[in-house]
Every structure is written in structure tokens, then in C-alpha cells.
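One-letter residues, chain by chain:
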Amino acid sequence: MIEETLLEAEEKMEKAVLVTKEDFASIRTGRPSPATFSRINAEYYGTMTPINQLASFQVPEPRMVVVSPFDRSAIPAIEKAIRDSDLGVNPVNDGTIIRVVFPELSEERRKEYVKVVRGKAEDGRTSIRNVRRHAKDAIDKAVKAGEIGEDEGHRAQKELEALTHKYVAEIDEMLKHKESELLEV
């Protein structure tokens, strides 16, 4: 019972860290990457489809990404999706590929990105704390119902607290790394 609860809590905490990591990857720094486009969807044959499933991405220069669609008929939809996204770029379509040139990040824009990253990190920490709360409630119910002893309940809560600290520290470390990445000129 306790082991299952702790295992489930750990899995959910790992997922929260993974989601936070993906969110961080979608926030661009000085050098763009294909992950920058992971959250953008284009309409393809009437269905909203992630553009990373519709095209391949290359980074030939530090501030340019070349998007090569697998199907040429998808070029206008991909171009529109990139233009309408929150990336703040204007893609250039030459008929076979789409070139996306990213402007140099201003100091003000970098600070805005740091605020966004901190918000996403806090969302991740909140998710982890919610998982902890649900697991703690399950342990408390088991103790009240007499399924487990109080000593076992306290031990399980200490383990749960250790797990929480471990995953929150992981998010804090990712945040520190992403902030330094964003602020480096």
C-alpha cells in the first residue's frame, strides 16, 4: 500500500519535471533549436498537427532555422503557423523550404523570458507539491483506517518529503541553468 503510493507519487513527480523541461526547451535563447517549434501546430488536411511532424529542421547559422516540409502542399500552413506563433519571427518561403531568421534578443526581451521561465518553474514545483499532498492524504487515510501503523505512516511521509525535495531541487537546477543561458550575451 505505502510502496504503491510512493511509487505513484514518484512517477507523477518525474512527469512534472519532464513537462517543465519541455516547457523550458520551447523557450528560445540566443541560438534557436528545433525544440523551439515543438509547441506550434499547423492545419494539415483539416487537422491541427505539430509542425515537427510535418517537416525537418536544420540550424545552418546561429540565428537561422531552415524548415524543410515533407509535403510541399503544407508549406503555406507551416509558414502561417510560424508567423502566428509567439516566436516573434517572420518566416520566408522560397517554394521548397522555409527560412526562419531569429532577431538578436534585446536585454528587455531576455528579462521577459526569464520571468516566463520562472513562472514555468513555479508551475512545475506546484505540480510536485500537489502530488505530495495527494500522496500524504492517501497515507493519512490508510493510518486512520488502521491499514498501516502510525510509525509506518511517519516513515512513508518522510520518504515522500525526501522525494519532493529531490524533484523540486531538480527543477531549481534546471531553472538556474536556463536563466544563465538566457542572460548570457
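Residues numbered from 1 in each chain as written. Predicted model: local features only at pLDDT ≥ 70, side-chain atom pairs only at ≥ 80, totals over all residues. Heavy atoms only, no water.

Q: Got a minute to help me understand the side chain of Glu-79 in this structure?
A: Residue placement: Glu-79 occurs in helix α2 (residues 75-84). Judged by relative accessible area, Glu-79 falls into the buried class, the value being 14%. Filtering out sequence-adjacent residues up to four positions away, Glu-79 remains in contact with Pro-91, Asn-93 and Ile-98. (Helix = DSSP H or I, 4+ residues; strand = E, 2+ residues; numbered from the N terminus. Buried < 20%, exposed > 50% of the residue type's maximum accessible area, 1.4 Å probe, protein only. Contact = heavy atoms within 4.5 Å.)

Q: What am I meant to see in the sheet that holds strand β4 (residues 64-69) here?
A: Sheet strands line up and pair through hydrogen bonds in the backbone, either parallel or antiparallel. Taken in spatial order, the 4 strands make up an open sheet running β3-β4-β6-β5, and their pairing is antiparallel. Since the sheet does not close on itself, it has two edges, and those belong to β3 (55-61) and β5 (92-93), each with one partner. Pairing of β3 with β4, which is carried by 5 bridges, proceeds in the antiparallel orientation. Bridge pairing in β4 links Glu-61 to Met-64. (Pairing = 2+ DSSP bridges.)

Q: It is not clear to me how the environment of Val-89 should be interpreted in this structure. Could you clarify?
A: Inspection of the secondary structure assignment puts Val-89 in the loop between α2 and β5. Measuring from C-alpha to C-alpha, the distance between Val-89 and Pro-103 comes to 7.5 Å, with 14 residues separating the pair along the chain. Apart from the residues lying within four places of it in its own chain, the contact partners of Val-89 are Ile-82, Arg-83, Val-100, Val-101, Phe-102 and Pro-103.

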